[in-house]
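Descriptive structure summary
The residues making up each chain are set out below.
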Amino acid sequence: DPDSDYVEGANRLLFFVAHGVGDRNHRVESVKYGDREMYLLEGRSQDRNDRASVSVWYLKEAEIASAIGTAFTVDWYRKPGDRSFESIFFTNASQVASLGSTGEAGCNDCFALECPAETIEPGHISVYTGTHERDGATFSPLNGYSQDVDVGMGGNGKATIGHKEGNGDVEFAGAEFGREGAFSMVCYEVQDIPQTASDTD
């Protein structure tokens with residue numbers, strides 16, 4: 001039952017990321033924010049020595065504001081031995097088209113991974129989040145991305161999140177780990193509020 005880092009603001013977009021590493025088949029069935037069911041954006045799972053899974057869930061402003069409670073409740077299908085969670089609030093995100101490109105990638109015997117190429121418009125943010133089933137090494141972001149999370153998961157497994165602000169270029173969101181193993185990644189684009197032209201001359 002991970003805690004929420006509640007954030008005030010306008011036009012918010014809330015993401016919840018669940019990482020899991022274990023020797024049995026597992027996945028997240030659902031996530032609640034308070035009493036609100038969150039929507040699944042994307043998920044990925046790879047299996048080598050252990051299974052490495054990552055899934056991303058989200059809510060828009062109206063559901064965040066009307067939620068009773070701010071804690072997260074995660075329902076697993078066979079809870080993995082090692083787990084990590086992140087909650088991310090964006091403010092001033094578009095409520096019409098909140099999400100741009102989404103994608104996922106994975107490999108069973110690698111140490112570097114990228115999501116498919118996407119053009120990220122100015123003002124938008126490209127985010128990657130990944131799970132690796134091995135411990136004992138550190139993540140580093142690829143292609144000019146900034147790393148926001150590099151965390152151990154209590155036993156085997158490491159989790160990472162990173163981002164890059166868009167400038168209209170084609171981007172390959174990704175990260176590198178120091179050891180080979182199963183690597184799962186989900187990437188997505190957060191779109192800001194569209195700018196409107198002025199009615200004045």
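Now for a look at the structure at hand. (Residues numbered from 1 in each chain as written. Predicted model: local features only at pLDDT ≥ 70, side-chain atom pairs only at ≥ 80, totals over all residues. Heavy atoms only, no water.)

1. Thoughts on the overall build of the chain
- If you tally the helices and strands in the chain, you get 1 helix and 15 strands.
- Taking 2.2 N^0.38 as the reference for a compact globule, 201 residues should give roughly 17 Å; the C-alpha atoms of the chain span a radius of gyration of 17 Å, in line with that estimate.
- Along the first, second and third principal axes, the C-alpha atoms of the chain reach 65 × 40 × 20 Å.
- Here the chain holds 201 residues, and 47% of them are scored as buried.
- Excluding contacts between residues fewer than 6 apart, the proportion of contacts in the chain whose partners are at least 24 apart in sequence is 80%. (Helix = DSSP H or I, 4+ residues; strand = E, 2+ residues; numbered from the N terminus. Rg over C-alpha atoms; globule rule 2.2 N^0.38 Å. Buried < 20%, exposed > 50% of the residue type's maximum accessible area, 1.4 Å probe, protein only. Contact = heavy atoms within 4.5 Å.)

2. Re the sheet that holds strand 3 (residues 36-37)
- Taking strand neighbours across the sheet as the criterion, the 3 strands line up as 3-2-6 in an open arrangement whose pairing is antiparallel. Among the strands making up the open sheet, the edge pair consists of strand 3 and strand 6 (72-77).
- With 6 bridges connecting them, strand 2 (residues 27-33) and strand 6 associate as antiparallel partners. Paired with Lys32 across the two strands is Thr73, which belongs to strand 6. (Pairing = 2+ DSSP bridges.)

3. Regarding the environment of Arg51
- Within the fold, Arg51 resides in strand 5 (residues 51-60).
- It is 6.6 Å that separates the C-alpha atoms of Arg51 and Glu133, two residues lying 82 residues apart in sequence.
- Leave out the neighbours within four places in its chain, and Arg51 touches Gly20, Val21, Gly22, Arg24, Asn25, His26, Ser45 and Gln46.
- For Arg51, the side chain forms a polar contact with the side chain of Ser45, separated by 3.2 Å. (Polar contact = N/O pair within 3.5 Å; in protein donor to acceptor, adjacent residues only side chain to side chain.)

4. What to know about the nonpolar core
- Of all hydrophobic cores here, the largest spans 17 residues; its most connected members are Leu13, Phe15, Val56, Ile88, Phe90, Tyr188 and Val190.
- Contact partners of Tyr188, with chain neighbours within four places excluded, come to Phe15, Leu41, Val56, Ile88, Ser101, Thr102, Ile125, Ser126 and Val127. (Core = buried A, V, L, I, M, F, W, Y, C linked by side-chain atoms within 4.5 Å.)

5. Some details on the side chain of Ser184
- The topology assignment puts Ser184 in strand 15 (residues 174-190).
- Of the residues examined, Ser184 reaches a relative accessible area of 0% and is grouped as buried.
- Not counting the four nearest positions on each side in its chain, Ser184 is found in contact with Arg44, Ser45, Gln46, Ala52, Ser53, Val54, Ala105, Gly106, Leu113, Thr129, Gly130 and Thr131.

6. Topic: unusual backbone geometry
- The backbone of Arg78 shows a phi angle near 60 degrees, a positive value even though the residue is not glycine.
- For Arg78, the location among the structural elements is in the loop between strand 6 and strand 7 (82-90).
- Residue Arg78 is classed as partly exposed on the basis of its relative accessible area of 40%.
- Phi at Asn92 takes a positive value of approximately 55 degrees, unusual for a residue other than glycine.

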